[in-house]
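Commentary on secondary and tertiary structure
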Amino acid sequence: MADHDAELKEKKRKKALRRMGKMVGHAWNLANADPFQTGGGKSDAILCLTSLGQKVDDGNYKYGRHGWEDFARDLGGVYNSHIHRKSKHVKLAKDHLNQVCAMLAEKDDSLARVAKNHVPDTKPSKKRKADTSDSRSPKKRASAKKPSGGGGGDMMTLSEREDQAMEALGAFIEENGGSKESVENFRGRVQKQPGGRFDTNYYNEHGRRFRSMVEVGRFLGLVAAEPKRSAAGMKRAKVKKATSREIEAEKKKLRKELDKLRKQHTKATKTLDDFLTDHKDSQYPIEDSILQEEEADANSGNHGSSTSILPTNLAAARIPDVDRFEGLPQHCMPDVLVAWDFLCTFTRALSLTPISLDDFVQCLTYKPPEKSGDSDALNTPPVYLGEVHLALLKLILSDRSSDDWWWSILETPIAEGAVVGNADAHDKDESDLPLIKVDFAALLGEHEDPLITTSWLTALHDVPKLNATNSGAIKACIKTATDICGNKFVIAYLKKAMKLGKTSGSGFMKRAVVWLMERVREARPDLGNRSINKDDVFKKRAKVVDDVSQQMDKLSSAALAVEDDDLLSDAESDDDSDDSDVEEENGDTKEEPQSQTEPDDHPSSFVPPKPPPTLVDLLLPPGKPSPPSELFNPCSWPHLVGATACRILHRYTRLRNEVDDSLRMARELSRLTVRQRREREAIAKSRVFAEFAVPHDGKDPCDAAVHHLCSGGRYLELSPLERLCLLRVLIDAAYDTVRVYEVVDSNYKQSTSAVKALETEQRKFKKEAKEKNAANEAAARQDLALEARRNFIEEKREELRKANEANHELTDEDLDELTEDDIIEVDEDIKADFEALPAPESFKKAVVVARVAKMLEADAFETELLTVLTMDQILEKEKEHVQSLEESLAALGGEDALLDPELDRDTMRAIEKLRRELSKIQASADSLPIQREEAIEQLKEAIADGTIKSLRAAIRIAKTARLFGKDDDTNGVWSLDIVRDAHMELENAKQLKRVADAQKDLVSKRNRCFIRTEPLGSDRFRNRFWTFENSEQGHVFTEVDHVLEEENKNLKNEPGLLEIVSSVDKVGIGSDDIEADFMGTEGDNVASFRRFSRKEYHQSGLCASLTKRCWGWQLTESSVRALTKGLDGRGVRENNLKKNLKEALEAKTASKEGADDNEPESQVQPSGDEDHFARAKQRMDQLDSQVIDASFLSTLSSAIGQMVRFRNVVESTRDREVARYEAGSINGWKLRKDEVTMEPDGDEFEPQTQVVEVPVWQVITDKGNEYWLTGGEMLESICRLAKWKSKCPSYFESDAGYLSYRNTLGRHFGKAAEAANAMTPIRFTQSMVKREAEIYQKLKHRVYDNTWGGKNGTRNAWVTSMRDFAFDFETAREGLLTFESALFELIGGFPGDTSAEEGRSGRSLLDNKVTREDIELESLEKGMNRLWNSRESRNVFLEIVKSAKTVGFLVLCLDLVCRNANVYLEANKIKTSSTRSSAYRSSVGDSGSDWQQQSDVSYYEEPTSRRSRRGNVDYSVYFN
């Protein structure tokens, strides 16, 4: 306990020192404080602020009153030294001293007095010692110490007196036989009384007070108790009676003290009232979990648990308006929102105009109509999907990050350069980049005979010259070098290189070997020149080692590395070398897949095997296609998307493998074997893309979509889920691009300034609101003061009136004419009472707040006086009103007086008016109570809702129910209390809307500077609510988490609500985490750590994978209002969420406020439209025959309650109309007055209009929108919904908004007018004609026998057919085959090949998995003298074209043919050997005859006879 008290005392002392430091700082910063900051001189006293601050910093002031008094003396002494010495800064010192005393007075008034009266001793310390030691004048020194006032105690401070009292107490206790330590914990307190005397009290450690030392002695048992004295003895002991002067002086002091206490009490009472008023609701809002505990405690004694808010009955558990998108699984709703939100958010980066969520879903689920006829546009994907995929492809493939994961099936130098994942490889030679980590210094330091080193380098000498595809020859060289080499680091490195060749291809194996050869030769120049100096060898070696170390640091942590375990002995090396693949001598045998060559129990690489080449891979160029390229075509994008998605999935599989290896390495686990790796790679997509890439209907949607598109399938044959998977894979890759990062970074910087501007504006409004509240309080105080003054004057006037009744000094007229001043001056008592009236600032805060509330209530009703009544008072008021009307009617003679013929007109009108008013009251007597009950319910719901629209509607209903009205008695307004509350809530909502409107631009600017979409808020169970910037106003998405029955066994699903309670095996989605990689299997903490790690997926910690959530879409206002009503504003999260939901509702209803305010409410009839419905059906022949179904309408007699599909035209041009379709129901009808044009008569030239009543039906759509339909529109809407639901083949909404999409931010599909037909065959053939013209103009001079463009007109007929008549796919395909055949013949077929054998068929080569790997359709040689590498290549190409099903595949084939033709043209371009030959060719021109072309053959390069990279493959070996 003592230690705790000491610690507490030390904390208080430090707090006091900090406050002292602040006071010194304030004194230092006073104006012109330079003279007092320094200059303490040689005196020991504190004479400057510097020394004072140093003393404070050193902590040399005691704890408590003593320390503060010492500090006050030192601080005052700084200025009193100047005042006492009368220096030139006397005036400034007095001014600063007053300011310092004011600061000290805030702490205690006595400290200010101490500082003001203390005068320091400014004499030097040596002189004081000399004076003290001087013994010649002791009397002077003694008299100098004595105060001038007589008693020495007058100059003592309270702390000094308390010290003196404690010393006296200790001496007293010792004198009475006690110990001084017994009062060590006592403390003395001295208080100065008003009369100038000092009272001393003592307190022990428990706080007990003792009035004297004797009482302390009695408490300790040292002093005997004093016997009681008798009254007589007390009288004898009385002192002499005080004089009258002394009594008056004492009374005067007491009155002053009483006045002071009264003022202090008034001030304290006012402060307490203000605090209670300001913090009356300070308990809420509180943390939602605490609120839940309070509710649980409140309901613990009540068995009715239905009142408790549980996860199964909360507001978010309501069944939403939409719980899934049609055609997609329920768990894919968040993935649809993610994709749509990304495309709408990064519109500038994608150059893509956003669309609504409904249109986006309809694009994903689009199916062409069964009877589309010849409309090619309807048989192609919507334009928006093409724009989206092309935009994503351009964004992804134009980014340098795609170089890390794009690979080609052709293992050529071009392809290798495109695959290697090193960003610096573009400007460097490939051999400069290491692929395997190795300790190069240790490699060079390993002892080996130079002759052996030269021998294994010689064995590898042919590797740089070998083709990268000739893996057998490369492996043979490596095996020979391994047998010769004696350096264990080199042997391990070469084995790693062979392993790299198995996993990533022989091109990488070759690069790794070439890199090692060049580095070793560079570091060992002595191998070729024995005479070189050793010092130069060491310097060169050190330089190479340094360069290699820097290169190794740049490699990925997942790259292959030579570890200590890889440094095998010679015997182990020999055993491993025997396991290598045996290659044939010609090196033509294809490398087997890794799964066949590498045992399943061997450690595997993190690089997954590439999938077998698809048809799209065969048609793509060897390098990565980058925009702008002909491959980024409105026709070919589906197949390019399939190839790109395949590579992205391969990349994410590799990253997943790297993560697995890093986790296992951190726990020092063994490397995964081949079998384990393949098992994990099989579920890699469900681990990486667990939200959507999970098996559905027995197949993987990602793999199925990629395989379908890469095999030439149509995009529209994909399911909506497969389309969504492709889109999500591309979006995930887009997040890794530099462009997206730059956009996010730029928006983050802009959002900082936007948020600051918004905060400034918010502070401005807060300041204005504070000033307005202060003005209202001032007005209320003034009003209260005036009211008190008026009441006082009226009260005194009545008193004067009563007094005048006795003496009759004044008449009644005189009393009425008395002014306020006259009444005040009647006598001194009235004047004194008037002056004692409360001033405006003396009223309590509670009274002021109540008066402000009344003023605001009156302003809300736009009146000066508001009278709030209860329902009983209203009924009584109405009863009195009826009685007054009846009395007035009776006074006029009643209704019988109307029979009097002599009755004047004014009286007759008055009687009629009274009779009508009474009749109206009697007629509404029965329905009025019901109307009032409904109005009160509406008011309660509107107040809970808090939106302007609902409050105004409820107030209008309340006015109709006569719950408020004009008060004739007070010339104000009377109102029911709940109506008053509704008006006040409406004013608050208007004020919030005004603030929101004023900040609308700043909020919009902040929202445009997006970082990521944040939720709107969350409820007490942390279920999140969402709104999106590009969605319609007022639409709210709910995300509800499941409750696991394994954890909450008592919870059950509520009827009529979402099924929240489920089991672990039903809520999981995707593959479970492989927890053995990052946690152990034994130990006490494993279970707790496992549960902790699983809380990332679910709060229960029971799920090892992602969990499904119940997503919902609240569309209508009523649904959102129900959500808002179900939230408890006492919780922090739900209070914020409730405010945000109200703002969303206000934004939705903002556009309808004008109509609600200005237009009278129409009377909607819920029935009785049969006659108008029948008349509407009689005019069915004037309606759209493709929509109207007469047989269906004949079964209907009324439109009320019918479901409809409303067509709303949002855009109309001369060529087309764009419509939005919404489903809804007909709730009522009414007669609307419309102006119609009449046919002019014979004498009239201008048409005339006439107002007629037209029946219209009210439709409320599922989104909460309201429309009024005429008879024809109503019938079409009913039939439209019936055909839409039954999926009638003849019904198709060709004018829907998603089919009329036009991209205004970019032109990925070309011109907007041609975008809808960009994927049709005619567009493809027209582009093919253009490309043929470009190639033919270059090619026609290089051939002798031109059978294509000759006089027979073959080319002209082909051009005309392709340009004007190729409207079907078969024609386009035949045109491509004709074009290829023409180029093949123009180039000369296969020059030098006289064999008549046609080679293997294309289908047999494609169907064989082994030969498919060797197919090469691309011409990669520089000296190419033909269109195709071999007959087999051409056969494969023709087979691909003949089996093609889509225009996009034909585009890829056309691009391949054009690339090969351009390679041929580049290889056989014209020489520029002499100016004469150039001049001759220019004079001849491009239109020379055949003999001129033949004579110019000397100006062409001789074609090379170099064969293709795979031209030496003998395909027959695969069929034997």
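As the structure is a computational prediction, the values presented were derived from the model and not from experiment. (Residues numbered from 1 in each chain as written. Predicted model: local features only at pLDDT ≥ 70, side-chain atom pairs only at ≥ 80, totals over all residues. Heavy atoms only, no water.)

**Considering the overall build of the chain**
Selection rule: In this description a helix means any DSSP run of H or I spanning at least four residues, a strand means any run of E spanning at least two, and both kinds are numbered starting from the N terminus. Remark: exposure states derive from per-residue accessible area (1.4 Å probe, protein chains only) relative to the maximum for the residue type, with buried under 20%, exposed over 50%, and partly exposed in between. For accessible areas, the Shrake-Rupley method is used with a probe of radius 1.4 Å. Any residue's cover is judged against the shown protein chains and nothing else.
Across its full length, the chain carries 60 helices and 18 strands. Taken across its 1520 residues, the chain has 42% of its residues classed as buried. For the chain, the accessible area works out to roughly 84,200 Å², and carbon and sulfur atoms hold 49% of it.

**Concerning the confidence of the model for the chain**
The condition is simple: pLDDT expresses how confident the predictor is about each individual residue, on a scale running from 0 to 100. The contact criterion used is simple: two residues touch if any of their non-hydrogen atoms lie within 4.5 Å.
A residue-level look at the chain finds 83% of positions with pLDDT of 70 or above and a mean pLDDT of 79. The model gives residues 1153–1162 a pLDDT under 50, and that stretch makes 10 contacts with residues more than four places away or in other chains.

**Some points on unusual backbone geometry**
In the segment running from P627 into P628, the intervening peptide bond is cis, with an omega of 0 degrees. Backbone geometry at S351 places phi at a positive 55 degrees, although glycine is not the residue there. Tracing the backbone shows S351 in the loop between α15 (347–350) and α16 (357–364). Note on S351: relative accessible area 25%, which makes it partly exposed.

**Some thoughts on the pattern of salt bridges**
Rules: What counts as a salt bridge is simple: a side-chain nitrogen of Lys or Arg found within 4 Å of a carboxyl oxygen of Asp or Glu.
Going through the model one piece at a time under the given rule, you end up with 63 salt bridges. The closest approach of N and O atoms between R677 and D661, which form a salt bridge, is 2.9 Å. With R677 in helix α29 (residues 674–682) and D661 in helix α28 (residues 637–666), the pair connects residues that are 16 residues apart, well separated along the chain. Here the residues in one salt-bridge network are R656, D660, R664, R680, R687 and D1077, joined through shared partners.

**Some words on the pairing of strand β17 (residues 1248–1261)**
For the record, the criterion: Note on pairing: DSSP must find at least two bridges between two strands before they are called paired.
Where β17 and strand β18 (residues 1266–1269) come together, four bridges link them in antiparallel fashion. Across the sheet, the residue bridging to V1259 is Y1267, located in β18.

**So, the side chain of R13**
The test is simple: Any N or O atom pair separated by 3.5 Å or less is treated as a polar contact, with the protein-specific requirement of one donor-capable and one acceptor-capable atom, and with residues adjacent in sequence counted only for side-chain atom pairs.
Mapping R13 onto the fold places it in helix α1 (residues 2–28). Of note is the side chain of R13, whose polar atom sits 3.2 Å from the backbone oxygen of G59. Discounting chain neighbours no more than four positions away, the residues touching R13 are G59, Y61, K62 and Y63.

**Considerations on α29**
Short version of the rule: Directions drawn from the helix axis to the C-beta atoms are what define this arc.
For α29, the set of buried residues is V674, R677, R680 and E681. Summarising the axial view, the buried residues of α29 lie within an arc of 130 degrees, below the 170-degree limit, and thus occupy one face. For α29, the secondary structure elements touched by its buried residues are α28 and α30 (684–688).

**Focus on the nonpolar core**
Across soluble globular proteins, nonpolar side chains show a tendency to be buried alongside one another. As a reminder of what qualifies: In these notes, a set of buried Ala, Val, Leu, Ile, Met, Phe, Trp, Tyr and Cys residues joined through side-chain atoms within 4.5 Å is what counts as a nonpolar core.
Within the largest apolar cluster, 144 residues are counted, with the highest numbers of intra-cluster contacts made by L343, L357, F360, L392 and I1440. In this structure, I1440 is in contact with L615, L618, L619, L1406, L1417, F1449 and C1453, ignoring residues within four places of it in sequence. Judged by nonpolar contacts, the second largest core, of 44 residues, contains A459, V490, Y493 and L560.

**Points about the packing of aromatic side chains**
In plain terms, the rule: Two rings from Phe, Tyr or Trp (for Trp, the six-membered ring) form a pair when their centres sit within 6.5 Å of each other. Planes less than 30 degrees apart are called stacked, planes more than 60 degrees apart edge-to-face, and all others tilted. As a reminder, the over-ring test applies to NZ of lysine and CZ of arginine, requiring each to be within 6 Å of the ring centre and within 35 degrees of the ring normal.
Taken as a whole and judged by the stated rule, the model has 29 aromatic pairs. Aromatic pair F210 and F219: ring centres 5.1 Å apart, planes at 50 degrees, arrangement tilted. Under the relative-accessibility criterion, F210 is labelled buried at 3%. Three or more aromatic residues link up through ring pairs in this structure, and these residues are F325, W340, W1026, F1028, F1037, W1111 and W1113. The ring of W1268 has K1230 lying over it, and the distance from NZ or CZ to the ring centre is 4.3 Å. For the cation-ring pair, R1434 lies above F1384, with the distance from its terminal atom to the ring centre recorded as 4.0 Å.

**Description of the sheet that holds strand β6 (residues 972–976)**
What counts here: All axes are obtained by fitting lines to C-alpha atoms, using only the stretch in contact for helices, and the reported angles, taken between N-to-C directions, cover 0 to 180 degrees.
Ordered by their spatial adjacency, three strands build an open sheet running β4-β6-β5, and the pairing between neighbours is mixed. Each edge of the sheet is formed by a strand with only one pairing partner; in this case those strands are β4 (866–869) and β5 (964–967). Strand-to-strand twist in this sheet, taken as the mean axis angle between neighbours without regard to direction, amounts to 25 degrees. With four bridges joining them, β5 and β6 adopt antiparallel strand pairing.

**Overview of the pairing of strand β14 (residues 1109–1114)**
Counting buried positions along β14 yields five of six residues, so the element is predominantly enclosed. Here strand β9 (residues 1036–1041) pairs with β14 via six bridges, running antiparallel. By the bridge assignment for β14, E1039 is matched with W1111.

**Some details on a positive patch on the surface**
Inclusion rule: The patches reported here contain residues having more than 30% relative accessible area and no salt bridge. Joining distances are 9 Å for like charges and 5 Å for nonpolar side chains (Val, Leu, Ile, Met, Phe, Trp, Tyr). Just so you know, the count uses Lys and Arg for positive and Asp and Glu for negative, and it drops His and the chain ends. Charge coordinates come from a single atom per side chain, which is NZ of Lys, CZ of Arg, CG of Asp or CD of Glu.
On the surface, K12, K14, K15, R18, R19, K22 and K107 cluster together into a patch of positive charge. In terms of residue count, α1 provides more of the positive patch than any other element does, six residues in total. Considering the arrangement of structural elements, one finds K14 in helix α1. For K14, a relative accessible area of 46% gives the class partly exposed.

**Thoughts on the packing of helix α52 (residues 1321–1339) against helix α53 (residues 1354–1364)**
In contact at an axis separation of 7 Å, α52 and α53 are set at 150 degrees when each is read in the N-to-C sense. Together, I1322, T1325, Q1326, M1328, V1329, E1332, A1333 and Y1336 of α52 and R1355, W1358, V1359, M1362, R1363 and D1364 of α53 make up the contact between the two elements.

**Overview of the sheet that holds strand β3 (residues 209–210)**
Note: strands within a sheet are paired through backbone hydrogen bonds, in either parallel or antiparallel orientation. Overall, antiparallel pairing links the three strands, which are arranged β1-β2-β3 in an open sheet. In this open sheet, the two strands that pair with only one neighbour each are β1 (187–192) and β3. Relative to β1, helix α9 (residues 158–175) is tilted by about 135 degrees, and along the sheet it contacts β1 and β2 (198–203).

**Here's the deal with the state of the cysteines**
Put simply, the rule reads: The disulfide definition used here is simple: a pair of cysteine sulfur atoms within 2.5 Å.
For the structure on display, the rule yields zero disulfides. Left without a disulfide partner, C725 is nearest to the cysteine sulfur of C702, which lies 4.1 Å away.

**Topic: the environment of V114**
One can find V114 in helix α6 (residues 109–117). Judged by relative accessible area, which is 15%, V114 ranks as buried. In the structure, V114 is positioned 39 residues away from L75 in sequence and 9.7 Å away in space, judged by C-alpha atoms.

**Some words on the environment of Q37**
In this structure, Q37 sits in helix α2 (residues 34–37). Q37 gets classed as buried once you look at its relative accessible area, which sits at 13%. The spatial distance from the C-alpha of Q37 to the C-alpha of A27 is 9.0 Å, given a sequence separation of 10 residues. Residues in contact with Q37, not counting those within four places in the same chain, are W28, C48, L49 and T50.

**Some words on a negative patch on the surface**
Where like charges cluster on the molecular surface, the negative patch consists of D821, D822, E825, D827, E828, D829, D833 and E835. Of all the secondary structure elements, the ones that give two or more residues to the negative patch are α35 (820–824) and α36 (828–835). Examining the composition of the negative patch, we find that four residues originate from one element, α36, more than from any other. For D833, the location among the structural elements is in helix α36. Take D833: its relative accessible area is 37%, and that puts it in the partly exposed class.

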